[in-house]
Amino acid sequence: MNLQSPLTTAGHIYKLYARRLEKLEIKTFEDFLYHIPSRYADFSLISKINRVQVGEVVTIQGTVSEITNEFTKNFKRLQKAEITDDSGSIEVVWFNQPYLTKVIHVQDKISLSGEITWFSRKLVMQSPEYEIIYNLPTIHTGRLVPIYPETRGISSKWLRRQVYRLIQEYLNTFIEYLPDSTIANHSLIAINKAIEQIHFPQTLADAEKSRQRLAFDELFLLQLSGLERKMNWNRNLAGNPYSVNKFKNEIAKFLNKLPFTLTNAQKRVLEEIFKDLAMAKPMNRLLEGDVGSGKTVVSAITMFLSHLNGFQSVLMAPTEILAQQHFKTVSQLLTPFKINIGIATGSQKTKINDFDVLIGTHAVLEKGINFEKLGLVVIDEQQRFGVEQRAIIRSKGKNPHLLTMTATPIPRTIALTLYGDLDLSVLDQMPIGRKQIKTWLVPPKKRNGAYSWIEKQIKDIKSQAFIVCPFIEESETMQTVKAANNEFENLKGNVFKNLNVGLLHGKMKAKEKEKVLEKFRNGKTDILVATPIVEVGIDIPNAAIIVIEAADRFGLAQLHQLRGRVGRGDKQSYCLLFTESTSLQTLERLKAMEKHNVGSELAELDLQLRGPGEIYGTAQHGRKMLKIASFSDFELIKKVRKEAEKLFPNLKNYPKLLEKLKTVNLKQVSPD
Ligand code: ADP
Ligand code: MG
């Protein structure tokens, strides 16, 4: 076994926990070491028993002189122990942890960290963290103790034990890979020291130094691998340069036919794209734009130009629903110009051998599909696709141009680091005339009022509403579907008896989904109850209300994505966030949705506010973009880019760095 071994090849216990650990992004033993504490509990004050004071959080160390299970007056279980050191004795109490009497024995040497309180008119230590002292230094008590991001069934205490053991066993196998000059110039500490001290620091200052080193490495390696990809791309010179000027008139005709004028941002972005397309090397551009900023039409114009140049285009979207929607939108825009549009999804394949533009899900990658002259690949919601899928679709043409699109808000400096190989265009402007979506956090007691209000809106101004069911599991399991079904029955049968209510979830057949959406699009359904799959890209301009159930389970950026399903037409739109949570922190976090309307601001806030308890906030985002470094580390990000650009591409002298870089490239799936 080594650090890179997958856990699934290791002992029984890891196999058993593999799925849970995967939620924490721990798949190999090394991943434990890179599972960074979210904070430290300060148990470093070690006190003699006769010196402890009420209100203090301290560590005491002594011998167990007694331990018993008792019942309180109201039949709750209580565990009591007496601990003695050379200065005196103190009582320790826990509640409802009867197993403690099996793991803690009289005569054990024990270390306990916790708060001193009054209990039954005695000074006691209440519900402390405990650890039997063997010859080891203590790891759960008597020091700064790391608290990790947890998940159900995986506690910080368990993680701490794994990390400690791995550090004992493997720390000396961590070889320094950064060049000496880099380490010196940026006053970094050694890698093995950083790994040890991020978990078990003597002081918070040590922990911070370790974090700085690891954050530096994370960004540095990402930046280098981006530069490497860019170099490989540019080597690939034989692209298909498009003529742009020659088709000015056709493009103008197209723009005249649009029911709206392009925003200045859309115009600027199109210029950036056209410039790339005219070059001898293929375009590799990321188009970033907040939900509703109008990326689709930009891609349609790009595909139009591709067609004028005699090349085919393909547009790939992550879900069937979205592919169908794009097919409709793009068909409307392009068929008047005699452009042949095909579709390829799991359930529908038409014109796949005779198309100018092909739209679909990853079904477009299938072997049977015939690309004659592919010149442009567009990937919508690019973060949902892996590097591999992107490579396969590009291989269907001869170095086709690549346009990837995302609504994931990433500040520019960070995008340049994370996607060092891509050129970036940003749609930083919304179409004119959009009204800001009014967002309200609705407390449970106002739920019925909210329902009546929705019914009135629907009847009075012919509005339509989405009701998004709670998100339960990371992927859409039967449990989520069942919850949606129940919600649907309840709303249809009890709450909105006089309205047409529809249901949409991920386990429905594609045809069925399409039917449901079509009815909603045509206004035959008033309310669409849906699982969070509506998150991605759906565009139904007449829907002006969205209700999000159990809003506390979502991250702010994701709430923003969901909210973006409305506010797409000229109606005033509303977003109602329902939550049962009473945590002030959570309520405050959700309140931010009332104030902020810009995706990137919410993403920043998410990062700042996300306490260790907010497991859900991160879990459903799948892979996090950065594990250690933070978006708000602008200074560090700049420093790192400089350093990487200084060294690159002459990395030959640093074989260990090159080797490390390989492992990064292997891990690099789509960062999201
Ligand atoms: P996203 O960037 O989230 O993919 P879409 O491309 O789906 O957004 O566009 C959202 C809506 O805005 C669509 O209904 C589209 O027709 C409309 N739209 C796009 N550009 C403009 C514009 N310049 N003016 C007005 N409406 C626009
Ligand atoms: Mg879109």
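Only a predicted model underlies this, so the values are computations on that prediction, with no experimental measurement involved.

Draft legend 1. Spotlight on the domain arrangement of the chain. Domains assigned within the chain are domain 1 (45–142), domain 2 (179–434 + 638–672) and domain 3 (438–596). Taken together, the contacts link 16 residues of domain 2 with 21 residues of domain 3. Carbon and sulfur atoms make up 55% of the area that domain 2 and domain 3 hide from each other, which totals about 1,500 Å². On the domain 2 side of the interface with domain 3, the three residues burying the most area are Val291, Ile321 and Gln325, jointly 38% of the side's total. Linking domain 2 with domain 3 are 2 salt bridges. Its salt-bridge partner being glutamate 514, residue lysine 328 comes within 2.9 Å of it at the nearest N-O pair. Seen at the junction of domain 2 and domain 3, the total is 4 residue pairs in polar contact (both at pLDDT 80 or more). For the side of domain 2 that touches domain 3, the per-class residue count stands at 5 nonpolar, 5 polar and 6 charged.

Draft legend 2. Region of interest: the side chain of aspartate 526. Along the chain, the position of aspartate 526 falls in the loop between α16 (510–521) and β19 (527–530). Buried within the structure, aspartate 526 lacks any salt-bridge partner; lysine 462 is the closest side chain of opposite charge, at an N-O distance of 4.6 Å. There is a polar contact of 2.8 Å between the side chain of aspartate 526 and the backbone nitrogen of asparagine 500.

Draft legend 3. The pairing of strand β18 (residues 501–504), seen in detail. With burial as the criterion, each face of β18 is covered, one bearing Val501 and Leu503 and the other bearing Gly502 and Leu504. By the bridge criterion, 4 bridges tie β18 to β19 in an arrangement that is parallel. The residue bridging glycine 502 from the neighbouring strand is leucine 528, located in β19. Remark: the β18/α16/β19 crossover connection has right-handed handedness.

Draft legend 4. Region of interest: the packing of aromatic side chains. What the rule picks out here adds up to 21 aromatic pairs. Taking 5.1 Å as the distance between ring centres and 70° as the angle between the ring planes, the aromatic pair formed by tyrosine 17 and tryptophan 158 counts as edge-to-face. Placement of the pair is tyrosine 17 in helix α1 (residues 12–23) and tryptophan 158 in helix α4 (residues 156–170), with a sequence separation of 141 residues. Between phenylalanine 304 and phenylalanine 337, the aromatic rings sit 4.9 Å apart at their centres with planes inclined by 55°, giving tilted as the arrangement. Here the residue phenylalanine 304 occupies a position in helix α10 (residues 295–308), and phenylalanine 337 occupies one in the loop between α11 (320–334) and β10 (341–344), the gap between them amounting to 33 residues. Counting every residue linked through ring pairs, the aromatic cluster contains Tyr14, Tyr17, Phe29, Phe32 and Trp158. Sitting over the face of the ring of phenylalanine 311, lysine 373 holds its NZ or CZ atom 4.4 Å from the ring centroid.

Parameters and conventions
- Residues numbered from 1 in each chain as written.
- Chains lettered and ligands numbered in written order.
- Predicted model: local features only at pLDDT ≥ 70, side-chain atom pairs only at ≥ 80, totals over all residues.
- Heavy atoms only, no water.
- Domains from an automatic or database assignment.
- Contact = heavy atoms within 4.5 Å.
- Buried area = accessible area lost by both parts, 1.4 Å probe.
- Salt bridge = Lys/Arg side-chain N within 4 Å of Asp/Glu carboxyl O.
- Polar contact = N/O pair within 3.5 Å; in protein donor to acceptor, adjacent residues only side chain to side chain.
- Nonpolar A, V, L, I, M, F, W, Y, C, P; charged D, E, K, R; others polar.
- Helix = DSSP H or I, 4+ residues; strand = E, 2+ residues; numbered from the N terminus.
- Buried < 20%, exposed > 50% of the residue type's maximum accessible area, 1.4 Å probe, protein only.
- Lys, Arg positive; Asp, Glu negative; His and termini not counted.
- Pairing = 2+ DSSP bridges.
- Right-handed = clockwise from strand over helix to strand, strands pointing away.
- Phe/Tyr/Trp six-rings, centres within 6.5 Å; stacked < 30°, edge-to-face > 60°.
- Lys NZ or Arg CZ within 6 Å of the ring centre and 35° of its normal.

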